[in-house]
Amino acid sequence: MRSEARAWLGVDVGTQGLRVVAVGDDGQPVAAASRRLTSVRSRDGRHEQDPRDWRDAAAAACGEVRALIRSHVIGGLAICGTSGTILLGTDQGDPLTPALMYDDARAAANLDAVRHAWRECAERNAYSIAPTWAAPKLSWLLRNVADGEKARVYHVPDFLGTWLAGHPVAVDYSHALKTGYDLVNQRWPFDAFDSIGISANVLPEVVAPGSLVGAIGPDAAAATGLPEGTPLVAGMTDGCASQIASGAVRVGDWNCALGTTFVLKGVSRDLLRDPLGAVYSHRHPDGGWLPGGASSSGAGALAAAFPDTDPAQLDRAALQHLPTPVIRYPLASRGERFPFVRPDAVPFECEQAGSDGERAAAVMQGVVFVERLSLSYLRGLGADTSGTVTLTGGGARSKLWKQLHADVLGRAVAVPENPEAAVGMAILAAAGRGSLAETARRMVRFAGVIEPQPESATHYLPLYKQMIDELEQRGYIDAEFAERARVA
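Below is a short write-up of the structure. Note that the structure is a prediction, hence the values are computed from the model and not measured.

How each quantity is defined
- Residues numbered from 1 in each chain as written.
- Predicted model: local features only at pLDDT ≥ 70, side-chain atom pairs only at ≥ 80, totals over all residues.
- Heavy atoms only, no water.
- Salt bridge = Lys/Arg side-chain N within 4 Å of Asp/Glu carboxyl O.
- Buried < 20%, exposed > 50% of the residue type's maximum accessible area, 1.4 Å probe, protein only.
- Pairing = 2+ DSSP bridges.
- Helix = DSSP H or I, 4+ residues; strand = E, 2+ residues; numbered from the N terminus.
- Arc of directions from axis to C-beta.
- Phe/Tyr/Trp six-rings, centres within 6.5 Å; stacked < 30°, edge-to-face > 60°.
- Lys NZ or Arg CZ within 6 Å of the ring centre and 35° of its normal.
- Contact = heavy atoms within 4.5 Å.
- Axes fitted to C-alpha atoms, helices over the stretch in contact; angles between N-to-C directions.
- Core = buried A, V, L, I, M, F, W, Y, C linked by side-chain atoms within 4.5 Å.

**Details of the pattern of salt bridges**
All told, the structure shown has 20 salt bridges when counted by the stated rule. Salt-bridge contacts for Asp 158 lead to Arg 152; the nearest nitrogen and oxygen are separated by 2.6 Å. Since its relative accessible area comes to 0%, Asp 158 is described here as buried. The exposure class assigned to Arg 152 is buried, which follows from its relative accessible area of 6%. One salt bridge in this structure joins Asp 356 and Arg 359, with 3.1 Å as the shortest N-O distance.

As structure tokens, then:
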């Protein structure tokens, strides 16, 4: 008698939509469904969603997926959301406020007080609380919502998890990070909370990602079509979920996510302490840390230089000019945040490009130079960068971008098949409290590995060093960083 196939569900709640993906034990997605979500933005920096829409979207998308995999046993479900998104609600899971989204900046005026309260915790965890983090937003909510002190703060996964289980569930320490959770000591810093008027009763229990937090209750089973008793597994933030799906989950592995901006995430054995604050870390469920940084460089610089131009056309034009002696630091706008922090940084081009093709080549080459420089910066902080490098985002769809990464980095670059956040949550659900690295090794599927072309380093290394020289001369990086980057 043949055993039933098994599937794991990942739910990704984003700004524009909610997506559910069912993944088999071999990592192959077997069904998926999405529903749109709407946001309300205002000129004063506010950005809200109605959390009840998350429930409606989850019920519809889960129901659609379940209809497609009736023959599968569902092993478990994990949820990710945007980092720093919170709301206040009752213990029964009813929302009392809209969800203040990850980039809601209404609490910026309270930032200094929150930073002062969290000073010791922030130093211990090697992070700096930003205006859009959940901690200042929570302080603002409790001062501005009637009887807020009688409520509970929810993040995306524990809000949906409470609805799915029919009782309050714990939140994972990944989503709790920007609410001020102490990852090093693995507890809420109650003294810091008390000093800014946040009482302990508004804070949820916190558990490790992959922990069992509940099971689908009868009401949610009727609403979603998912079997009653399906395990609910604590998730991670959407950025961590995408990293899991990329396969970059072992010490020394790094994922280059090349979208409008460039984000680099990896795995380190020890907590990296960055004096500039450009890098901060989540805690790895297997032990160790997940450091990362986000640059203002990226494919958006190409779109800014060539609006409304077909990317494939740009690839063809740029190919004729790579490598190019035109050295360009490719920012889409003023300011850089990684691998150096300079709000006053401006894009520059040391030599004028002779054609649109050469200018496109200079932008693309410059973006990958920034990625190489970022890896060098992380090595200077003590990170191991010797593992697998994966490429995701829009850049992974371009044959030229992929080859350029391998050539400039001087190493093979792997391209995962399904690097979306919902797939990462399905992998985490499958891992549970077992080894995430081993589960990802089994389930992450790769579309290919790009090898550097012979003698590519001979062509690109001198040009890369010219960009380093220019950054040092402009004062964007110091002499120590520049020298380290030249030899690494």
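**Observations regarding the sheet that holds strand β4 (residues 40–41)**
The antiparallel open sheet is built from three strands, whose spatial order is β4-β5-β8. Across the chains shown, the open sheet's two edge strands, defined by having one partner strand only, are β4 and β8 (99–100). The pairing of β4 with strand β5 (residues 47–49) spans two bridges and is classified as antiparallel. By the bridge assignment, Arg 41 is partnered in β5 with His 47.

**Let's talk about helix α11 (residues 311–319)**
Taken residue by residue, α11 has Leu 314, Asp 315 and Ala 318 as its buried positions. The arc that holds the buried residues of α11, viewed along the axis, is 105 degrees, so those residues lie on one side.

**Let's talk about the packing of aromatic side chains**
In the structure shown here, the tally under the stated rule is 13 aromatic pairs. Relative to Tyr 377, the ring of Phe 338 has its centre 6.4 Å away and its plane inclined at 80 degrees; by these criteria the two rings are edge-to-face. Of this pair, Phe 338 sits in the loop between β18 (328–329) and β19 (348–349) while Tyr 377 is found in helix α12 (residues 356–380), placing the two residues 39 residues apart along the sequence. Site record: aromatic cluster; members linked through ring pairs are Trp 118, Tyr 181, Trp 188 and Phe 193. One Lys or Arg, Arg 106, reaches over the ring of Trp 140 and ends 5.0 Å from the middle of that ring. Looking at Arg 474, its charged tip hangs above the ring of Phe 348, at a distance of 4.1 Å from the centre.

**Observations concerning the side chain of Asp 158**
Examined against the element boundaries, Asp 158 turns out to sit in helix α5 (residues 156–165). In this structure Asp 158 touches Arg 152, Val 153, Val 169, Ala 170, Val 171 and Pro 204, once residues within four positions along its chain are discounted.

**Considering the sheet that holds strand β13 (residues 231–233)**
With mixed pairing, six strands are arranged side by side in an open sheet as β3-β2-β1-β6-β13-β12. With partners counted over all chains shown, the strands left at the sheet margins are β3 (29–36) and β12 (212–215), one partner each. Averaged over all adjacent pairs, the angle separating strand axes in this sheet is 20 degrees, with direction ignored. Direction of pairing for strand β2 (residues 17–24) relative to β3: antiparallel, over a ladder of seven bridges. The residue of β3 that forms the bridge with Val 23 is Pro 29. Its contacts with the sheet place helix α1 (residues 51–68) against β1 (6–13), β2, β3 and β6 (73–81), and it is angled at close to 150 degrees to β3.

**Quick word on the environment of Gly 382**
With respect to the helices, strands and loops of the structure, Gly 382 is situated in the loop between α12 and β20 (389–392). According to the relative accessible area criterion, Gly 382 is exposed, its value standing at 59%. For Gly 382 and Asp 469, which are 87 residues apart along the polypeptide, the C-alpha to C-alpha distance reads 23 Å.

**Digging into the nonpolar core**
One finds Leu 264, Leu 302, Tyr 329, Phe 338, Leu 373, Leu 378 and Leu 471 to be the most contacted residues of the largest nonpolar core, which totals 58 residues. When residues no more than four places from it in sequence are discounted, the contact partners of Leu 373 are Pro 339, Tyr 464, Met 467, Ile 468, Leu 471, Phe 481 and Ala 485.

Nothing here speaks to function; it is geometry throughout.
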